[in-house]
Amino acid sequence: MSLTTVGLSKLSTGPDSVGLREVTIEEPGPGQVLLEVISAGICGTDLHIADDEFPSTPPVTMGHEVTGEVRAIGEGVDPDLVDGRFAAETYFEYCESCGYCRTGSPNLCAQRRSFGSHVDGAFARWLILPAHNLHRLPDHVGWHAGSLAEPLACVTNCLFDPPVVNAGDTVLVTGPGTIGVLTAQAARAAGGDVTIVGLPADATRLDIAAGLGLRASALGAIEIVPDSFDVVCECSGAEAAGHLALESVRPRGRYVHVGIYGRPVTMELDRILYKEITYTSGFASTPRSWLRAMNLLDRQLVDLDPLVSEVVPIDEWRRAFDATRGAEGMKYVIDPRTGGEGD
Ligand SMILES: [Zn+2]
Ligand SMILES: [Zn+2]
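Residues numbered from 1 in each chain as written. Chains lettered and ligands numbered in written order. Predicted model: local features only at pLDDT ≥ 70, side-chain atom pairs only at ≥ 80, totals over all residues.

Peer 1: Account for the domain arrangement of the chain, naming residues and giving values.
Peer 2: The domain boundaries assigned to the chain delineate domain 1 (2-153 + 285-335) and domain 2 (162-281). Look at where the C-alpha atoms of domain 1 and domain 2 centre, and you get two points 27 Å apart. Considering only residue class, the side of domain 1 that touches domain 2 consists of ten nonpolar, two polar and three charged. (Domains from an automatic or database assignment. Nonpolar A, V, L, I, M, F, W, Y, C, P; charged D, E, K, R; others polar.)

See below:
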């Protein structure tokens, strides 16, 4: 058995190196499943891959935020998985023997290879991945919103391992994009008293956050008092927001580095010393953070549905990439069953 599909791919390095490519998918090997992709979210990382700012091995199908149904299984895989609804962890392989792998942090393994950057990913109708990556989607989480389980697992890695939000903490989230709104919801689930802020241009995103019951404001419309928040979570990756967060966190407070700057930035690091701030972060996700993310979804403490701006056929990918780049709306997801293959 082999299947042919159209994959939205990083074709080479250099400018304008993303496009549709025909790919052949072999049958799943031992321990693997064949997933029929129903939804795959476009993420800032995909833009970084397109721009050669994030490592990849072209030609490779992009896409790592996925939901789908298992259509075939390899040797040794539980047949109960077939036809189940799943989201999936992104690591295709890691060494399993280094200290990070053995202590539950394969995200830090030097040998890790993820789908969507180094192995063919989810912007295609068919995806091969290890069966142990799968997490069952709760019935109330829709197919398209479910692809946001992956960024939620990145957020729970940042916020809860080690835990940085305690019940009753005042929490400032800067940047009302997908990651910011997920961070705000997760911090609220932990008992935080959350304020999320953005620029006046973020009005649509702030409205979505407000619709989720979050205190959401454009900067300028609310006063951010210096040294006032127990916890700040910088989710925008904008240098000015980093300065604001560092100014706003109280002495002995916690600063969480969530958004990626993507370039060297200038920060007043001595402020961390003078204020005795604890500065933490988190890279991608871990099996542990996935369990937390799925638990929060299960209990409806985090709502993903309002974050999906549009479901886009795969052959309209360029428009969705441009919209993501322009920070229009919130999250664009590709449905690879539409467009490309003509059905
Ligand atoms: Zn992502
Ligand atoms: Zn390892």
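And the narrative resumes.
Peer 1: Run through the pairing of strand β15 (residues 249-257), naming residues and quoting values.
Peer 2: It is a general feature of regular strands that their side chains alternate between the two faces of the sheet. In terms of strand pairing, strand β14 (residues 229-234) meets β15 through five bridges, oriented parallel. In the sheet register, Val 231 faces β15, and the bridge partner there is Arg 254. A crossover links β14 with its parallel partner β15, the connecting element being helix α7 (residues 239-248), and its sense is right-handed. As paired elements, β15 and strand β16 (residues 278-281) share four bridges and run parallel to each other. Bridging from a neighbouring strand, Arg 254 pairs with Thr 278 of β16. (Pairing = 2+ DSSP bridges. Helix = DSSP H or I, 4+ residues; strand = E, 2+ residues; numbered from the N terminus. Right-handed = clockwise from strand over helix to strand, strands pointing away.)

Peer 1: Lay out the sheet that holds strand β13 (residues 215-218) with the relevant residues and their values.
Peer 2: Ordered by their spatial adjacency, six strands build an open sheet running β13-β12-β11-β14-β15-β16, and the pairing between neighbours is parallel. Where the open sheet ends on each side, the last strands, each with one partner, are β13 and β16. Across the sheet, the mean angle from the axis of one strand to that of its neighbour is 20°, orientation sign disregarded. Summarising the sheet, strand β12 (residues 193-198) and β13 pair through four bridges and their orientation is parallel. Bridge pairing in β13 links Gly 198 to Ala 218. Packing against the sheet, helix α5 (residues 178-189) makes contact with β11 (170-174), β12 and β14, and its axis sits at approximately 170° to β12. Along the sheet, helix α6 (residues 203-211) contacts β12 and β13; its crossing angle with β13, the most-contacted strand, is approximately 165°. (Axes fitted to C-alpha atoms, helices over the stretch in contact; angles between N-to-C directions. Contact = placed C-beta atoms within 7 Å.)

Peer 1: Provide a residue-level description of the packing of helix α4 (residues 149-160) against α5, including the pertinent values.
Peer 2: Contact pair α4 / α5: the axes reach a minimum separation of 9 Å and the direction vectors enclose 55°. Taken together, α4 and α5 sit at an angle that is classed as oblique. In this structure, α4 crosses over α5, and the sense of that crossing is right-handed. Contacts between α4 and α5 involve Pro 151, Leu 152, Val 155, Thr 156 and Leu 159 from the first element and Thr 178, Ile 179, Leu 182, Thr 183, Ala 186 and Ala 187 from the second. A breakdown of the residues in the contact of α4 with α5 according to their chemical character gives eight nonpolar, three polar and no charged. (Parallel < 35°, antiparallel > 145°, perpendicular 65-115°, else oblique. Left-handed = near helix turned anticlockwise from the far one by under 90°.)

Peer 1: Kindly report on α5, identifying the contributing residues and their values.
Peer 2: Under the 1.5 Å per step criterion, the end-to-end length of α5 is 17 Å for twelve residues, consistent within 8% with the ideal 16 Å. Of all twelve residues that make up α5, twelve are buried, and the element is covered over most of its length. Those residues of α5 lying buried are Thr 178, Ile 179, Gly 180, Val 181, Leu 182, Thr 183, Ala 184, Gln 185, Ala 186, Ala 187, Arg 188 and Ala 189. A positive backbone phi angle near 100° is found at Gly 191, which sits one or two residues after α5. (Expected span 1.5 Å × (residues − 1). Buried ≥ 20, exposed ≤ 12 C-beta atoms within 10 Å, placed from the backbone.)

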